[in-house]
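Structural overview
One letter stands for each residue in the lines below.
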Amino acid sequence: MADQEVAGEEYPKEILEYLTAFESSLDSVDEMLKTMMSVSRGELLNKLDPLEQAKLDLVSAYSLNSLFWIYLVTQGINPKEHAVKQELERIRTYMNKVKEITDRKKAARLDKGAAARFVRNALWEAKSEESKAAHGDSHQSKRRKQQN
């Protein structure tokens, strides 16, 4: 686009930079769409677990609605006053729900056995000196008896 300026029209440098960035973004979107369209949806969904399928559906819906938002802007229509805004908010709500589920799966789980061992060992107390001495005396008396 920037390289192929319309005959006789010159754009200010600032706008030209934005147009160039926009064109590269469009190229990226085009490549992604071609990649997504090259694999059948059924084949792709068969390879994913249900949570991943939900993520794919949400990202697809959000992307399409975002592109429609951009289309509305290019047509001079305020997308904030269009139904697409509510649709994007609805999709975002579901994306947050899926994120919560994913976060719960990743959350650390309590290993009850390890916690019990930790507490038991943390509460362990050494024998008192008196019991050591009594135990030591009985041990020494057993040695004396064996030596005699």
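Source: prediction; values computed, not measured.

What follows covers the overall build of the chain. Assigned secondary structure in the chain consists of six helices and zero strands. Listed N to C, the secondary structure of the chain is α-α-α-α-α-α in terms of helices and strands. Out of the 148 residues belonging to the chain, those deemed buried represent 9%. Long-range pairs, those at least 24 residues apart, make up 39% of the contacts in the chain between residues at least 6 apart in sequence. On the chain, roughly 12800 Å² of surface is accessible, and the fraction owed to carbon and sulfur atoms is 57%.

Before going further, it helps to spend a moment on the packing of helix H3 (residues 50-74) against helix H4 (residues 83-106). Contact pair H3 / H4: the axes reach a minimum separation of 10 Å and the direction vectors enclose 155 degrees. With respect to H4, the axis of H3 lies roughly antiparallel. By crossing handedness, the relation of H3 to H4 is classed as left-handed. Counted together, Leu51, Ala54, Lys55, Leu58, Val59, Ala61, Tyr62, Asn65, Ser66, Phe68, Trp69 and Leu72 of H3 and Val84, Lys85, Glu87, Leu88, Ile91, Arg92, Tyr94, Met95, Val98, Ile101, Thr102 and Lys105 of H4 form the full contact between these two elements. A breakdown of the residues in the contact of H3 with H4 according to their chemical character gives 16 nonpolar, three polar and five charged.

Taken as a whole and assessed by the stated rule, the structure comprises seven salt bridges. Glutamate 43 is paired through a salt bridge with lysine 47; the nearest N and O atoms lie 3.9 Å apart. With relative accessibility at 42%, the residue glutamate 43 sits in the partly exposed group. Ionic pairing is found between lysine 85 and glutamate 89, a salt bridge with its closest N-O pair at 3.1 Å. A residue pair is termed a helical-turn pair when its members lie 3 or 4 positions apart in one helix, as lysine 85 and glutamate 89 do in helix H4 at four residues. Take lysine 85: its relative accessible area is 30%, and that puts it in the partly exposed class. For glutamate 89, a relative accessible area of 36% puts it in the partly exposed group.

Before going further, it helps to examine a nonpolar patch on the surface. A cluster of nonpolar side chains, contributed by Phe22, Leu26, Val29, Leu33, Met36, Met37, Leu64, Leu67 and Ile70, occupies part of the molecular surface with about 820 Å² of accessible area. Those elements that provide at least two residues to the nonpolar patch are helix H1 (13-38) and H3. Counting residues per element, the nonpolar patch draws most heavily on H1, at six residues. Under the relative-accessibility criterion, leucine 33 is labelled partly exposed at 38%.

What counts as what
- Residues numbered from 1 in each chain as written.
- Predicted model: local features only at pLDDT ≥ 70, side-chain atom pairs only at ≥ 80, totals over all residues.
- Heavy atoms only, no water.
- Helix = DSSP H or I, 4+ residues; strand = E, 2+ residues; numbered from the N terminus.
- Buried < 20%, exposed > 50% of the residue type's maximum accessible area, 1.4 Å probe, protein only.
- Contact = heavy atoms within 4.5 Å.
- Areas by Shrake-Rupley, 256 points an atom, 1.4 Å probe, with all protein chains shown as cover.
- Axes fitted to C-alpha atoms, helices over the stretch in contact; angles between N-to-C directions.
- Parallel < 35°, antiparallel > 145°, perpendicular 65-115°, else oblique.
- Left-handed = near helix turned anticlockwise from the far one by under 90°.
- Nonpolar A, V, L, I, M, F, W, Y, C, P; charged D, E, K, R; others polar.
- Salt bridge = Lys/Arg side-chain N within 4 Å of Asp/Glu carboxyl O.
- Patch = residues over 30% accessible without salt bridge, like charges linked within 9 Å, V, L, I, M, F, W, Y side chains within 5 Å.

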